Structure formats: structure tokens, C-alpha cells
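# Examination of the molecular architecture
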Amino acid sequence: MRKILCSTGALFPRTTPEKYAALGDMADKLYCDGFEFMVDSTMYENVDKLIQIVKPLKLWISVVHCQKSLGESLCGMKAWFDGTGYHEYRMTDEEDRAAFENGIKRFRVNLEIANAFGADKMVLHLWNGIVSDKNLSKNIERFSVLDDLAEASRVELMIENVVCNQKNPLENMKRVHEAYQNATFVFDTKMSEFHNQTMELFLPEWDWLLRERLISLMHINDYNGGYMDWSNLRRD
């Protein structure tokens, strides 16, 4: 049976753990079956307090969304936009190892939150937008480390069709599938529309995703920008 979840990221963008106590009152007023809990960078230093506040609410949290920038720890690169354009920096081996180790450490905290809330699924940005898919083979290789940790915790780790700079989400999902036949995915309408791929999912080239039931979760998300319009990506 399909369920409708509300993302806590839509309710509490980067706030203190105490504010999540309001989820208890909101649950009966929202037209949803449960919640997808969004992890952000502010939670790492307050994870115990966060769990102490949210867990007693006894909400149905079936999905945890990993901190979005975790994918950046996998690719060995840094990239950014500023007033002069797009810039990128390839990390040294030492920097890359340190970033990956930090990413694993953060991922374990995300898993801790999922386990505490009883979630059996997690969303991962395997690549991450601007810090994207230019080094995708490294991201894909390192996915096995995170996937093994999730499997050991009995959590299904799902890869979202995050926006890309080099290829496009569907092509990247195909590359992941070639490496990990059992990998499952999240299809976000905002991410797909950014690449004009919303309806491509139903073309014969991509119907294996639906036929093999590899889309485990769908995000319904507004997007008013154009094709690869980075200036409008974060707007409703």
C-alpha cells in the first residue's frame, strides 16, 4: 500500500532540536501518513537531544533523508558557483581520504537517527548538484561502503536522481544499476524537471526502472525554472 509522507525539511528548515517537539501537534493536522525526516548539518552536535525530543512523539517516520552534502565527501572534488562562473578543485589524495572518512562518520550519525526513529529506508545524494558527477566512478565505487553500513542496520539505502553537471540523473542511475543490480532509487520531480526528464521515465529506454520496481520512493516537488537553470533550482 502506498503512503504519503511529509518531509520535515518543508516544515523545519535548519532549526534547533527543541522546535521538533511541534511535530507532535502537527501530525494530526497534516494530510499525510507519516514523515520523511530530513537531516542537516546543524544536527550532528545535538543528535542525542534531537532523538530525545522526537522519539517519544511516536510518529511514523519510515524514511530518513541523509544530509544532502554527504555526496560531496565521495567524489574527491570541490566545486562552486560565484559571480564569475563555475569553479572546481580536485582534492589531493590526503584531502580526499580525510573528506571520505568524515563522510563515513557523518553517515553513521544519519544511520543512528534512522535506527532511533524506526526508519527502514534512507535517501542518499550519491552525487550532489554543483559538486556533481564529473568523478562519478569514484562515487559509485564508494557507495558500497555506505550501502554495507546501511544493510548491517537493516536500512534500505536509496539513491536520489539529483541534478548533475556532466550527464543527467537517469544516465547516472543506469551506471549505478550496472554496478549494483539491487540498488534502489528515489525519483524527485524537481530534479527530473531540471533536466527535462520527468516524462522520459516512461520511455522504453528507462522502463526497466519501473518494470523491476527499482523506484522505492517518489518526491513530489515544485520547480519553476528552465532546463538546467541553476539560478532557480532552490526556489519554489
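Residues numbered from 1 in each chain as written. Predicted model: local features only at pLDDT ≥ 70, side-chain atom pairs only at ≥ 80, totals over all residues. Heavy atoms only, no water.

## Some details on the sheet that holds strand 1 (residues 5–7)
In plain terms, the rule: Paired strands, in this sense, are two strands between which DSSP finds at least two bridges. Only DSSP runs of H or I reaching four residues or more are called helices, and only runs of E reaching two or more are called strands; each is numbered from the N terminus. The axes are straight lines fitted to the C-alpha atoms, using for helices just the contacting stretch, and the angles between their N-to-C directions are given from 0 to 180°. What makes two residues a contact is simply this: any of their non-hydrogen atoms within 4.5 Å.
Read across the sheet, 7 strands follow the order 1-2-3-6-7-8-9 without closing on themselves; strand pairing throughout is parallel. Pairing within the sheet leaves two strands with one partner each, and these edge strands are strand 1 and strand 9 (215–219). Each adjacent strand pair in this sheet contributes to an overall mean axis angle of 25°, direction not counted. Examined bridge by bridge, strand 7 (residues 156–160) and strand 8 (residues 184–188) share 3 bridges and lie parallel to one another. In the sheet register, I159 faces strand 8, and the bridge partner there is F185. Those strands touched by helix 4 (residues 93–117) are strand 2 (34–38), strand 3 (61–65), strand 6 (121–124) and strand 7, and its axis lies near 170° from that of strand 3.

## A short note on empty space enclosed by the protein
Formally: Site definitions follow a grid-based scheme: protein atoms alone, a 1 Å grid, a 1.4 Å probe that fits but cannot get out for cavities, and for pockets an open set with protein on both sides within 12 Å along at least five of seven lines, plus lining residues having an atom within 4 Å of a point. Grid points are joined across faces, edges and corners, and a volume is the space filled by probe spheres set on the points. All amino acids are sorted into three groups, where Ala, Val, Leu, Ile, Met, Phe, Trp, Tyr, Cys and Pro are nonpolar, Asp, Glu, Lys and Arg are charged, and the leftover types, Gly among them, are polar.
Going through the model one piece at a time under the given rule, you end up with 1 cavity of 30 Å³ or more. One number sums up the size of the largest cavity: a volume of about 50 Å³. For the largest cavity, the full set of lining residues is M77, A79, Y86, I130, V131, S132, D133, K134, N165 and Q166. By residue class, the composition of the lining of the largest cavity is 5 nonpolar, 3 polar and 2 charged.

## Brief notes about the pairing of strand 4 (residues 77–82)
Here strand 4 pairs with strand 5 (residues 85–90) via 6 bridges, running antiparallel. Within strand 5, the position partnered with D82 by the bridge is G85. As consecutive antiparallel partners, strand 4 and strand 5 are separated by 2 residues.

## Side note on the environment of M218
This is how it is decided: The classification of residues rests on relative accessible area computed with a 1.4 Å probe and restricted to protein chains. Under 20% of the type maximum is buried, over 50% is exposed, and intermediate values are partly exposed.
For M218, the location among the structural elements is in strand 9. Residue classification places M218 among the partly exposed residues on the basis of a relative accessible area of 44%. Residues M218 and V162, spaced 56 residues apart in sequence, show a C-alpha to C-alpha distance of 12 Å.

## As for the nonpolar core
The line we're drawing: The nonpolar core is taken to be a set of buried Ala, Val, Leu, Ile, Met, Phe, Trp, Tyr and Cys residues, with the residues joined through side-chain atoms within 4.5 Å.
Formed by 62 residues in total, the largest nonpolar core has its most connected members in F37, F107, I113, M122, L126, W127 and V176. At 9 residues, the largest contribution of residues to this core is made by helix 4. Excluding residues that lie within four positions of it along the chain, V176 makes contacts with L126, W127, I140, I159, A183 and F185. Core analysis: the next-biggest nonpolar cluster, separate from the first, contains 5 residues, V63, M158, V186 and L217 among them.

## Quick look at unusual backbone geometry
In this model, K58 sits at a positive phi of 55°, which is unusual for a non-glycine residue. Note that K58 resides in the loop between helix 3 (47–54) and strand 3. In this structure, R213 is a non-glycine residue whose phi angle is positive, near 55°. In this structure, R213 sits in the loop between helix 8 (208–211) and strand 9. Assessed through its relative accessible area of 74%, R213 is described here as exposed.

## A look at the pattern of salt bridges
Two side chains with opposite charge may pair up if their charged atoms get near one another. What counts is decided by this rule: The salt bridge criterion pairs a side-chain nitrogen of Lys or Arg with a carboxyl oxygen of Asp or Glu, the two atoms within 4 Å.
Under the definition given, this model contains 6 salt bridges. Here R142 ties to D96 by a salt bridge, and the two come within 2.9 Å at their closest N and O atoms. In this pair, R142 sits in helix 5 (residues 136–152) while D96 sits in helix 4, placing the two residues 46 residues apart along the sequence. D96 shares its class with R142; the two are buried. One salt bridge connects E156 with K121, and the closest N-O pair in it is separated by 2.5 Å. Separated by 35 residues along the polypeptide, E156 in strand 7 and K121 in strand 6 bring together distant segments of the chain. Judged by relative accessible area, E156 falls into the partly exposed class, the value being 23%. Where salt bridges share partners, they join D96, K138 and R142 into one cluster.

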